[in-house]
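So the chains spell out like this:
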Amino acid sequence: MTRPFNPENFGILLAETARAWRSKLDQRLKPLGLSQAKWVVLLYLSKDRDGMTQKELAERIGIEGPTLVGLLDRLSADGWIERREAVHDRRSKTVHLCPKADATLEQMWQTAAELRAELLDGIPVQDLATCMEVIQRIKARTEELS
């Protein structure tokens, strides 16, 4: 259902779309043994193969440190990640992907690509480019605001 243009609906529509997309991806990744919380951690760690501190990871994901600790405990027990003492501060731990994660990441990327193709099918490339440009500009503005 298309809603009439109202800038006040933009944030809600953006949030609803992101939630619906994540939910569909979550459904498709469940057979790999991944919940949304788990695949989001693997996604962020795959972008920084040198690992990152638990604090950095929590900030990027947008969750509290104590919530992340329980999630990392489960991922570690399942062999997806490992924690190491941080080189720069022994009080900190860095989080790294284990080899088991590599094959799963390949399947994750493939599944995400298939879903993306399905969701964007029939939308003109120029429309997608404009949409992405606008969203990037909005994101940049949010990062500039204090």
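The preceding data block contains the structure.
Draft legend 1. Fine view of the pattern of salt bridges. In this structure the tally under the stated criterion is eight salt bridges. Here Arg-28 ties to Glu-118 by a salt bridge, and the two come within 2.7 Å at their closest N and O atoms. Remark: Glu-118 occurs in helix H5 (residues 99-120) and Arg-28 occurs in helix H1 (residues 10-29); sequence separation between them is 90 residues. A relative accessible area of 33% means that Arg-28 is categorised as partly exposed. Look at Glu-118 and you get partly exposed, because its relative accessible area is 49%. Across the salt bridge formed by Arg-60 and Asp-48, the nearest N and O atoms sit 3.9 Å from each other. Remark: Asp-48 occurs in the loop between helix H2 (36-47) and strand S1 (52-53) and Arg-60 occurs in helix H3 (residues 54-61); sequence separation between them is twelve residues.

Draft legend 2. Geometry of the packing of aromatic side chains. Applying the stated rule across the entire model yields zero aromatic pairs. Its guanidinium or amino end placed over the ring of Tyr-44, Lys-47 lies 5.7 Å from that ring's centre, counting from NZ or CZ. Taking the ring centre of Trp-80 as reference, the NZ or CZ of Lys-100 above it sits at 4.4 Å.

Draft legend 3. Seen up close, the packing of H2 against H3. Running from N to C, H2 and H3 cross one another at 115 degrees; their axes reach a closest spacing of 11 Å. Overall, the two elements H2 and H3 adopt an arrangement that is roughly perpendicular. Of the two possible hands of crossing, H2 and H3 adopt the one that is right-handed. In this structure, H2 uses Val-40, Val-41, Tyr-44 and Leu-45 to contact H3, whose residues at the interface are Leu-57, Arg-60 and Ile-61.

Rules and cut-offs
Residues numbered from 1 in each chain as written. Predicted model: local features only at pLDDT ≥ 70, side-chain atom pairs only at ≥ 80, totals over all residues. Heavy atoms only, no water. Salt bridge = Lys/Arg side-chain N within 4 Å of Asp/Glu carboxyl O. Helix = DSSP H or I, 4+ residues; strand = E, 2+ residues; numbered from the N terminus. Buried < 20%, exposed > 50% of the residue type's maximum accessible area, 1.4 Å probe, protein only. Phe/Tyr/Trp six-rings, centres within 6.5 Å; stacked < 30°, edge-to-face > 60°. Lys NZ or Arg CZ within 6 Å of the ring centre and 35° of its normal. Axes fitted to C-alpha atoms, helices over the stretch in contact; angles between N-to-C directions. Parallel < 35°, antiparallel > 145°, perpendicular 65-115°, else oblique. Left-handed = near helix turned anticlockwise from the far one by under 90°. Contact = heavy atoms within 4.5 Å.

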